[in-house]
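# Secondary and tertiary structure notes
These are the residues of each chain, in order.
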Amino acid sequence: MSRLRCSAESGLSGAQEGEFQAVTLSAAPPSYFRGFTLIALKENREGDKEEDHAGTFQIIDEEETQFMSNCPVAVTESTPRRRTRIQVFWVAPPAGTGCVILKASIVQKRIIYFQDEGSLTKKLCEQDSTFDGVTDKPILDCCACGTAKYRLTFYGNWSEKTHPKDYPRRANHWSAIIGGSHSKNYVLWEYGGYASEGVKQVAELGSPVKMEEEIRQQSDEVLTVIKAKAQWPAWQPLNVRAAPSAEFSVDRTRHLMSFLTMMGPSPDWNVGLSAEDLCTKECGWVQKVVQDLIPWDAGTDSGVTYESPNKPTIPQEKIRPLTSLDHPQSPFYDPEGGSITQVARVVIERIARKGEQCNIVPDNVDDIVADLAPEEKDEDDTPETCIYSNWSPWSACSSSTCDKGKRMRQRMLKAQLDLSVACPDTQDFQPCMGPGCSDEDGSTCTMSEWITWSPCSISCGMGMRSRERYVKQFPEDGSVCTLPTEETEKCTVNEECSPSSCLMTEWGEWDECSATCGMGMKKRHRMVKMSPADGSMCKAETSQAEKCMMPECHTIPCLLSPWSEWSDCSVTCGKGMRTRQRMLKSLAELGDCNEELEQVEKCMLPECPIDCELTEWSQWSECNKSCGKGHIIRTRMIQMEPQFGGAPCPETVQRKKCRIRKCLRNPSLQKLRWREARESRRSEQLREESEGEQFPGCRMRPWTAWSECTKLCGGGIQERYMTVKKRFKSSQFTSCKDKKEIRACNVHPC
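Note on numbering: residues in each chain are counted from 1, in written sequence order. Where totals are concerned, whole chains, interfaces and linings use all residues; where local detail is concerned, this predicted model gives features only for residues with pLDDT of at least 70, and gives and counts side-chain atom pairs only at 80 or more. The side-chain figures draw on all heavy atoms in the structure; neither hydrogens nor water molecules are used.

If you look the protein chain up in an unreviewed UniProt entry, it shows as Spondin-1 from Equus caballus. Database annotation for the protein chain, UniProt heading Subcellular location (unreviewed entry): "Secreted, Extracellular space, Extracellular matrix". UniProt positions are given in the numbering used here, feature names are shortened, and annotations may be inferred rather than shown by experiment.

Given below as structure tokens:
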């Protein structure tokens, strides 16, 4: 049996003390592995002694990985099963340790593969300080052909049920998703790097505007900008609100994708993917990526709780994943250092391939159907002069088996306003396959994958847990989908707990010290979350007290009251500010008080509606007829399109009737008068050009030529201007101003 083509890749090519490395063990399909062992050794050590090991691993997904029971410094699989990829974090050892060797062994069908050199061994060395700890990812060049289209779907799993500690009930949300498909020459964000201004605004305010601007400035390196709507609140059942999704494309040079979204409220916490490579080593396109996400810190704010006040990090720190040991007040804190429960899952599915492909072997029947489907058009290209009825429902597939077939829909052409403009076909065809061919169990329903199990309903004894999935595609024949969307099962937590045990909440924060100077006392409290099952009284303590020491009383220049609650946001939508105050309690005679009495911080609410904005009406044009009945028009321009549900734009063109004089019945006499009038105007224009017009108090330059008509047909306008050439000082007139004239043009119908 040939060796598996596996690799162990770290997020950074070098290591600095305390830095996180994302270590990945992967197999290129159709290869796979059932089990593995991962260790980190100092260079030239055998691993027989504890001091031979370097750094520490941190588990990301407990369902996939765990520490070995007989060797706690090594990582192994949680359950033996077929897999192609696992990932853990590795924390670099102190400086001076030297190079570290990451070694992996893998198991496939009871055969163990191990390599001292090659793709299962990775050497990491301390970086030169001149690089400041940031290096590029080892991303290979892509050899795939054509393009591939993907759909990103984001499943938020951050809720009070999964993350109960200090969960922000009122304002919890995910900000709008922002990202792009790009080349390896552009980095949106990465572990060990510094957040750009765009990343900072997403992380702190949830605003994607600056980030999108930064991405679009890299137009040569970016193929698609990825955008999806924000989610308020952060979690709702999938049968109530669909998971947000976005589609994007990749090609040979821009085969990476990155995105991020803010956990709100938070200091600067986000989730996302960085430089996810969708190109395979076999010159094909990855079919599917499923990644559970944990939050990361952007390094721009030093808050430790969801609703910490603004505390800018100066100097700015590097982007790093949050851990369960960051701070005791952190909502993710675990004194035993366990892994953080994932807060979201992202699924990236290939939905089409376009152009000539180097590797056209389909992964499964669903993939064949996806490759058959043409890319959706960005916009409707039906001419405005073609008026159609709505499309009929799709017909049944011409194939009743899993062979390729077609289905059809029709619409009716109601009117063709311009015979010179061709109208598209009234029939539309789409590739299809027989019923049940796109689902493994033969059902006509297409289901999503199961979302991870919820936490156990109790913390002591036997309870229940559940998981959900949703219907991705309902049967086209209108039948009911009978596949289950929710599963429940029993779960046991702490089997040794007794009926007299009671469940307590976490300890609250310590109260302020009872004394403002000298020795005092402070307290903290907790509550009974669940009384003992046997009906007895809960014996656990609900309050604690301890001494607290404040500065010596005679050295205090001023005494301050506690901070008030934060005020409401200064706006009802968009970006605003909120404040809080405290008062000076000590007498001024005790000395100067330099402590701040008011704090101000930013606040962000959903975007404000923006109404349509227009310019002022122009002057009425000249009558479009020299005699008889005609019309004059005036126009105004749209300065701002309505956004976020704002008021729509009113009319931009107005016209009304005009009548100069009756037209003469004698055509020859009328033509003569027109000719005389035209000659008179021409001689007047020549005189003005030579002398300039004379107005009270000033001399004017000649009229400029008429501007081009604003429309080719249907009534446009032309403008011309006369500017002041000279003002006379001796004149008493002060109203000498530039002049403007407007007239109608191209009034014939389109």
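So, next bit.
Our next topic: the overall build of the protein chain. Starting at the N terminus, helices and strands are each numbered in turn, a helix being any DSSP run of H or I of at least four residues and a strand any DSSP run of E of at least two. A count of helices and strands for the protein chain gives four helices and 45 strands. Relative accessibility under 20% of the residue-type maximum defines a buried residue, over 50% an exposed one, and the middle range a partly exposed one, all with a 1.4 Å probe and only protein chains included. Here the protein chain holds 750 residues, and 39% of them are scored as buried. Pairs at least 24 apart in sequence give 66% of the contacts found in the protein chain among residues at least 6 apart. Per-residue and other accessible areas follow the Shrake-Rupley method at a 1.4 Å probe size, with only the shown protein chains counted as cover for residues. Per element, the accessible surface of the protein chain, about 44,600 Å² overall, is 50% carbon and sulfur. Any two residues whose heavy atoms approach within 4.5 Å are treated as being in contact.

Quick look at the environment of Glu-596 now. Residue placement: Glu-596 occurs in the loop between strand 35 (575-581) and strand 36 (598-604). Judged by its relative accessible area of 42%, Glu-596 falls in the partly exposed class. Each C-alpha atom of the pair Glu-596 and Met-583 lies 9.6 Å from the other, and the pair is 13 residues apart in sequence. Setting aside residues up to four positions removed in sequence, Glu-596 forms contacts with Trp-563 and Arg-582. Two N or O atoms form a polar contact when they lie within 3.5 Å of each other; inside protein one atom must be a possible hydrogen donor and the other a possible acceptor, and for residues adjacent in sequence the pair counts only when both atoms belong to side chains. A polar atom in the side chain of Glu-596 sits 2.9 Å from the side chain of Gln-599.

Before going further, it helps to examine the pattern of salt bridges. Close approach of charged atoms allows side chains with opposite charge to pair. The term salt bridge refers to a side-chain nitrogen of Lys or Arg lying within 4 Å of a carboxyl oxygen of Asp or Glu. All chains considered together, the criterion is met by 20 salt bridges. In this structure, Glu-349 engages Lys-288 in a salt bridge whose closest nitrogen and oxygen atoms are separated by 4.0 Å. Of this pair, Glu-349 sits in strand 22 (residues 344-354) while Lys-288 sits in strand 19 (residues 288-293), placing them 61 residues apart in sequence. Accessibility expressed as a relative area gives 16% for Glu-349, which makes it buried. When its relative accessible area of 35% is taken as the criterion, Lys-288 is described as partly exposed. Residues joined by salt bridges that share partners form a network here, namely Lys-149, Arg-151 and Glu-247.

Note on aromatic pairs: the rings of Phe, Tyr and Trp (six-membered ring only in Trp) are paired at centre separations within 6.5 Å, and the planes decide the class, stacked below 30 degrees, edge-to-face beyond 60, tilted for the rest. Tallying each qualifying case throughout the model produces 13 aromatic pairs. A ring pair is formed by Phe-154 and Trp-174, whose centres lie 5.2 Å apart and whose planes are at 80 degrees; its orientation type is edge-to-face. One end of the pair, Phe-154, is in strand 12 (residues 147-156); the other, Trp-174, is in strand 13 (residues 173-174), with 20 residues separating them in the sequence. The two residues Phe-154 and Trp-174 agree in class, both being buried. Consider the rings of Trp-158 and Tyr-167, whose centres lie 5.2 Å apart with planes at 65 degrees: the pair is edge-to-face. Residue Trp-158 shares its accessibility class with Tyr-167, and that shared class is buried. Taken together, Phe-154, Trp-158, Tyr-167, Trp-174, Phe-259, Trp-269, Tyr-306 and Phe-332 form an aromatic cluster joined through their ring pairs. Over a ring means this: the NZ of a Lys or the CZ of an Arg is within 6 Å of the ring centre and within 35 degrees of the ring normal. In this structure, Lys-406 packs its charged tip against the face of Phe-429, placed 5.9 Å from the ring centre.

Attention now moves to the environment of Gly-193. Mapping Gly-193 onto the fold places it in the loop between strand 14 (177-182) and helix 1 (197-205). Separated by 127 residues in sequence, Gly-193 and Arg-320 place their C-alpha atoms 8.5 Å apart.

Turning next to a positive patch on the surface. Only residues whose relative accessible area exceeds 30% and that take part in no salt bridge are eligible for patches, with like-charged residues grouped when within 9 Å of each other and nonpolar side chains (Val, Leu, Ile, Met, Phe, Trp, Tyr) grouped when within 5 Å. Counted as positive: Lys and Arg. Counted as negative: Asp and Glu, with His and the chain ends omitted from the count. We put the charge of a Lys on NZ, of an Arg on CZ, of an Asp on CG and of a Glu on CD. There is a patch of like positive charges on the surface, built from Lys-629, Lys-657, Arg-659 and Lys-662. Checked against the element boundaries, Arg-659 lands in strand 40 (residues 653-659).

This next bit is on the sheet that holds strand 22. The pairing criterion for strands is at least two bridges between them, as found by DSSP. In spatial order, the strands read 16-12-22-19; together these four strands make up an open sheet with antiparallel pairing. For this open sheet the edge positions go to strand 16 (245-250) and strand 19, each flanked by a neighbour on one side alone. Strand-to-strand twist of the sheet, defined as the mean angle between neighbouring strand axes without regard to direction, takes the value 20 degrees. Note that strand 19 and strand 22 share six bridges and pair antiparallel. Its bridge partner being in strand 22, Gln-291 is matched across the sheet by Val-346. Whenever a helix is involved, its axis is fitted only over the stretch in contact; in every case the axis is a line through C-alpha atoms, and angles between N-to-C directions fall within 0 to 180 degrees.

Residues of helix 2 (residues 209-217) that are buried include every one of Met-211, Glu-212, Glu-214 and Ile-215, and no others. Down the axis of helix 2, the buried side of the element spans an arc of 160 degrees, and every buried residue falls inside it. The exposed set on the far side of helix 2, more than 90 degrees from its buried face, consists of Val-209 and Gln-217. Residues of helix 2 that are buried in the fold lie against strand 14, helix 1, strand 15 (222-228) and strand 17 (256-264). Directions from the helix axis toward the C-beta atoms define the arc.

Attention now moves to the state of the cysteines. The disulfide definition used here is simple: a pair of cysteine sulfur atoms within 2.5 Å. Per the counting criterion, the structure on display carries nine disulfides. With a sulfur-sulfur separation of 2.2 Å, Cys-142 is cross-linked through a disulfide to Cys-279. One quick way to see it: the torsion about the S-S bond of Cys-142 and Cys-279 is about 85 degrees, and its sign makes the bridge right-handed. Highlighted residues: Cys-142 in the loop between strand 11 (121-126) and strand 12 and Cys-279 in the loop between strand 18 (269-277) and strand 19, separated in sequence by 137 residues. Across the pair, Cys-279 and Cys-142 agree in class, each one buried. Here Cys-623 connects covalently by a disulfide to Cys-658, the sulfurs 1.9 Å from one another.

Think of two packed helices as two axes; the pair is described by the angle between the axes and how far apart they sit. Contact pair helix 1 / helix 2: the axes reach a minimum separation of 7 Å and the direction vectors enclose 155 degrees. With respect to their mutual orientation, helix 1 and helix 2 come out roughly antiparallel. The interaxial crossing formed by helix 1 with helix 2 has left-handed handedness. Where helix 1 abuts helix 2, its residues Glu-197, Gly-198, Val-199, Gln-201 and Val-202 lie against Lys-210, Met-211 and Glu-214. Residues of the contact of helix 1 with helix 2, tallied by class, amount to three nonpolar, two polar and three charged. Angles below 35 degrees are treated as roughly parallel, those above 145 as roughly antiparallel, those between 65 and 115 as roughly perpendicular, and all remaining angles as oblique. Less than a right angle of anticlockwise turn of the near helix away from the far helix marks a crossing as left-handed, whereas a clockwise turn marks it as right-handed. In the scheme used here, Gly and all other residues not listed as nonpolar or charged are polar, with Ala, Val, Leu, Ile, Met, Phe, Trp, Tyr, Cys and Pro taken as nonpolar and Asp, Glu, Lys and Arg as charged.

On the secondary structure map, Ser-175 appears in the loop between strand 13 and strand 14. When its relative accessible area of 3% is taken as the criterion, Ser-175 is described as buried. Discounting residues that sit within four places of it in the chain, Ser-175 has contacts with Val-202, Gly-206, Lys-229, Ala-230, Thr-261 and Met-262.

So, on to the environment of Gln-236. Along the chain, Gln-236 falls in the loop between strand 15 and strand 16. A C-alpha to C-alpha distance of 8.8 Å links Gln-236 and Ser-159, two positions 77 residues apart in sequence.

Next up on the list: unusual backbone geometry. Residues other than glycine predominantly adopt negative phi, and peptide bonds predominantly adopt the trans conformation. Cis geometry is adopted by the peptide bond preceding Pro-233, which originates at Trp-232 and carries an omega value of -10 degrees. Inspection of the secondary structure puts Pro-233 in the loop between strand 15 and strand 16. Residue Ile-314 is joined to Pro-315 through a cis peptide bond whose omega torsion reads -5 degrees. Assignment of secondary structure puts Pro-315 in the loop between strand 20 (296-297) and strand 21 (320-321). Positive phi values are uncommon outside glycine, yet Cys-283 reaches one of about 65 degrees. By the secondary structure assignment, Cys-283 is in the loop between strand 18 and strand 19. Backbone geometry at Phe-644 places phi at a positive 55 degrees, although glycine is not the residue there.

To continue, consider the nonpolar core. Take the buried Ala, Val, Leu, Ile, Met, Phe, Trp, Tyr and Cys residues and link them wherever side-chain atoms come within 4.5 Å; each set so joined is a nonpolar core. Counting 36 residues, the largest nonpolar core has Tyr-150, Trp-174, Phe-248, Met-257, Phe-259, Leu-278 and Ile-348 as the members making the most contacts within it. Contributions of two or more residues to this core are made by strand 12, strand 15, strand 16, strand 17, strand 18, strand 19 and strand 22. No other element matches strand 12, which puts four residues into this core. The contact partners of Ile-348, leaving out residues within four places of it in the chain, are Tyr-150, Arg-151, Phe-248, Met-257, Leu-273, Leu-278, Gln-287, Lys-288 and Val-289. Residues Ala-27, Phe-57, Val-88 and Trp-90 belong to the second largest nonpolar core, which totals 21 residues.

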